[in-house]
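One-letter residues, chain by chain:
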Amino acid sequence: MGSEARAGRVGRRTLVRAALGCAVAGGALTLLPDGSGRPAGPAAGPEARARSVAAGGLPAALPDLVALISDLEPYLRDRPSDGRAWAVLGTAYGERGRRTGGLADYARAEDALRTSLRVRPRANPEAFGGLAELAVARRDFRAAKRWGEEAVRLAPDRWLSYPPLVDAYDGLGDHRAARRLLVRLSGLRSGPVVPALAARARGDRRAREGAAAALADVAARAKDPAERAAHLLRAGELAWERGDRERALRCCAAALRDAPDTHAAQAGRARALAALGRVREATGAYRAALRSYPAPGYALELGELYEARGHREAAREQYRAVRTAVREEAAAGVNGALVLGRLEADHGDPEVAVRGLRAEWRRQPGLAVADALGWALHRAGRDEEALPYAGRATDRTRTGEVRGAPYLHHLGTIEAALGLDGPARRHLTEALRVNPYFSPLHAPAARTALARLGEPPEVGPAVDLPG
């Protein structure tokens, strides 16, 4: 046997040993040290690079993830009763599918995770956690809740089971449960994981700013490129939500330097470029993101950018691509009701959007669905029905507290249609203050609506009348 063959066989054994300390965190496959505190396997090769980002619960680099899969597959052909390894492989398949848009990986992930439960039916939080992550990726929050709760019940001190369950509660509109879980998670885990997750689950300005500060600090100290890219991507997303175009662009560009295959960073870069008026570069960035992962949401954003620039046929081409992508994802078990509802509301048949989003609301009454359903009802001319949903999505007294610019724009527009000029003026102003560039199509519409409302009427001093 040649030296290269021997080295390959040793490398595979090393990688598989390391993989058996594998876990999932917030949609990311990581390789963890074993219970002794020592690294699982020699510190060399792709498994060591992947393991180096585990402390923050961040993703392994995609080439390392692919190497892990290619080594676990033959390992499990020889050892099909290794339930822990099946859980690792299933989680890796799901993460690769989420990263690359390879939808066949979702079916592979489910098969491997269910095999893990079959051969290791007891005390298998890794498999239940992997199924919860997979359900979140498919936007099936009811299933994610079921699997995530079981993972936490089996191993309440295993912090990696908590992030997908937070996402599940958030997607189901149970924000109090999400916050209780975040409190428990903060007792198990320090670092940027908790504030970043809180910002995503809550959506309020204070949480976003706190998370941004934590991420900026950790990104500056990160040595591993995959770790740094993950922090930078989330920092860029938070900057965008606050309307900071330049910072969002810098963060996403830096993330791409560390991890060029990160389609979400490419899409974030496209949003920032469009907001800065660099439209040609923005369309190129969107197309690069779509080549990496033909996500329907990216196609919808690109279509709206084309429409805002008056390129109607190019926009229609992207809207057709949205429908095609939703159908393809549905065949892999991915729920596309939200993006399809948004497409139909603004660029198709609003009544179709209302029917689809009502069904989604009955299944998964999260804030994003409330906002989309309210907007679809408005577009269908049913503003009185629309107002409670739009109000629910933005109500400060509720635990969701999402005060994002698109939600506020929807609420203000619905209020204006109902003649509620004061609240409409307030909410449209807030939308443009939070992020004046939130959409190349809808931000100008918000400014037009605000101008149409005019200045608030002046209220003079009180006058005592005679008699």
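Calculation rules
- Residues numbered from 1 in each chain as written.
- Predicted model: local features only at pLDDT ≥ 70, side-chain atom pairs only at ≥ 80, totals over all residues.
- Heavy atoms only, no water.
- Helix = DSSP H or I, 4+ residues; strand = E, 2+ residues; numbered from the N terminus.
- Buried < 20%, exposed > 50% of the residue type's maximum accessible area, 1.4 Å probe, protein only.
- Contact = heavy atoms within 4.5 Å.
- Areas by Shrake-Rupley, 256 points an atom, 1.4 Å probe, with all protein chains shown as cover.
- Axes fitted to C-alpha atoms, helices over the stretch in contact; angles between N-to-C directions.
- Parallel < 35°, antiparallel > 145°, perpendicular 65-115°, else oblique.
- Left-handed = near helix turned anticlockwise from the far one by under 90°.
- Nonpolar A, V, L, I, M, F, W, Y, C, P; charged D, E, K, R; others polar.
- Core = buried A, V, L, I, M, F, W, Y, C linked by side-chain atoms within 4.5 Å.
- Phe/Tyr/Trp six-rings, centres within 6.5 Å; stacked < 30°, edge-to-face > 60°.
- Lys NZ or Arg CZ within 6 Å of the ring centre and 35° of its normal.
- Salt bridge = Lys/Arg side-chain N within 4 Å of Asp/Glu carboxyl O.
- pLDDT = per-residue confidence, 0-100.
- Expected span 1.5 Å × (residues − 1).

Peer 1: Can you help me understand the overall build of the protein chain in this one?
Peer 2: The helix and strand tally for the protein chain stands at 24 helices and 2 strands. Burial status across the protein chain gives 55% buried among its 467 residues. Here the contacts in the protein chain between residues at least 6 apart in sequence split such that 56% fall between residues at least 24 apart. When the accessible area of the protein chain is evaluated, it comes to approximately 20,800 Å², of which 52% is carbon and sulfur surface.

Peer 1: Honestly, the packing of helix α5 (residues 104-119) against helix α6 (residues 125-137) in this entry has me stumped. Any pointers?
Peer 2: Geometrically, a packed helix pair is captured by the angle between its two axes and the distance between the axes. As a packed pair, α5 and α6 sit with axes 9 Å apart at the nearest point and diverge in direction by 155 degrees. Regarding the angle of α5 to α6, the classification is roughly antiparallel. Crossing handedness for the pair α5 and α6: left-handed. Counting all contacts with α5, which are made through Y106, A109, E110, L113, S116 and L117, the residues of α6 involved are A127, F128, G130, L131, L134 and A137. When the residues that make up the contact of α5 with α6 are grouped by side-chain class, the tally is 9 nonpolar, 2 polar and 1 charged.

Peer 1: Explain the packing of helix α3 (residues 62-78) against helix α4 (residues 83-100) here, please?
Peer 2: Their axes nearest at 10 Å, the elements α3 and α4 cross at an angle of 145 degrees. By crossing handedness, the relation of α3 to α4 is classed as left-handed. The residues of α4 that touch α3, namely those facing L62, L65, V66, L68, I69, L72, E73, Y75 and L76, are A85, W86, V88, L89, A92, Y93, E95, R96, R99 and T100. When its residues are assigned to classes, the contact of α3 with α4 shows 14 nonpolar, 1 polar and 4 charged.

Peer 1: How do you make sense of the nonpolar core when you look at a structure like this?
Peer 2: Nonpolar side chains in soluble globular proteins tend to be buried together. Ranked by internal contacts, the top residues of the largest apolar core, which has 50 residues, are L72, L89, Y106, L305 and V322. With 7 residues, α3 is the single largest residue contributor to this core. When neighbours within four sequence positions are excluded, L305 is seen to be in contact with A274, V279, A282, T283, Y286 and P440. Listed in part, the 30 residues of the second largest apolar core include V136, L160, A178 and L181.

Peer 1: Would you mind showing me how to read the packing of aromatic side chains here?
Peer 2: Ring pairs (aromatic) are described by centroid distance and by the angle formed between their planes. By the definition in use, this model includes 2 aromatic pairs. A centroid spacing of 5.5 Å and a plane angle of 90 degrees characterise the contact between W361 and Y389, whose relative ring orientation is edge-to-face. Here Y389 lies in helix α21 (residues 383-394) and W361 lies in helix α19 (residues 350-363), a separation of 28 residues in the sequence. Each member of the pair W361 and Y389 is classed as buried. The ring of W147 carries the charged tip of R146 above its face, separated from the ring centre by 5.0 Å. In this arrangement the basic side chain of R245 is found over the ring face of Y437, its NZ or CZ atom lying 4.0 Å from the centre.

Peer 1: Looking at this structure, I do not really get the pattern of salt bridges. What am I missing?
Peer 2: Between side chains of opposite charge, pairing is possible as soon as their charged atoms come close. Applying the stated rule across the entire model yields 25 salt bridges. The salt bridge involving E95 is made with R99; its shortest N-O contact spans 2.6 Å. Separated by 4 residues within a single helix, E95 and R99 lie in helix α4, roughly one turn from each other. Residues E95 and R99 agree in their burial class; the two are buried. A single salt-bridge network, built from bridges that share partners, covers E351, R358, R382 and E385.

Peer 1: Mind showing me how you'd approach unusual backbone geometry here?
Peer 2: Note on backbone geometry: most residues besides glycine have negative phi, and most peptide bonds are trans. Residues other than glycine seldom take positive phi values, yet A123 does so here, at roughly 50 degrees. Among the secondary structure elements, A123 is positioned in the loop between α5 and α6. Judged by relative accessible area, A123 falls into the partly exposed class, the value being 48%. A positive phi angle, near 60 degrees, is found at R139, a position not held by glycine. By the secondary structure assignment, R139 is in the loop between α6 and α7 (141-154).

Peer 1: Explain the confidence of the model for the protein chain here, please?
Peer 2: In regions of low pLDDT, the predicted coordinates are not meant to be interpreted in detail. Residues with a pLDDT of 70 or more make up 80% of the protein chain, whose mean pLDDT is 85. Note on residues 1-28: pLDDT is under 50 here. Beyond four places in sequence and across chains, it has 58 contacts. Between residues 30-56, whose pLDDT stays under 50, and residues either more than four places distant or in other chains, the model counts 60 contacts.

Peer 1: Explain helix α13 (residues 245-258) here, please?
Peer 2: In an α-helix, one full turn covers 3.6 residues, which means residues spaced three or four apart are oriented alike. For α13, built from 14 residues, the straight-helix expectation of 20 Å at 1.5 Å per residue is met to within 8% by its first-to-last C-alpha distance of 20 Å. Each element contacted by the buried residues of α13 is listed here: α12 (225-241) and α14 (263-275).

Peer 1: I keep staring at α12 and nothing clicks. Help me out?
Peer 2: With 17 residues, α12 ought to run about 24 Å at 1.5 Å a step, and its terminal C-alpha atoms sit 24 Å apart, in line with that. With respect to burial, α12 is a largely interior element, 13 of its 17 residues being buried. Downstream of α12 by one or two residues, G243 has phi in the positive range, about 80 degrees.

Peer 1: It is not clear to me how the environment of R114 should be interpreted in this structure. Could you clarify?
Peer 2: Tracing the sequence through the fold places R114 in helix α5. We classify R114 as partly exposed; its relative accessible area is 40%. Sequence-wise, R114 and F128 are 14 residues apart; in three dimensions their C-alpha atoms are separated by 9.0 Å.

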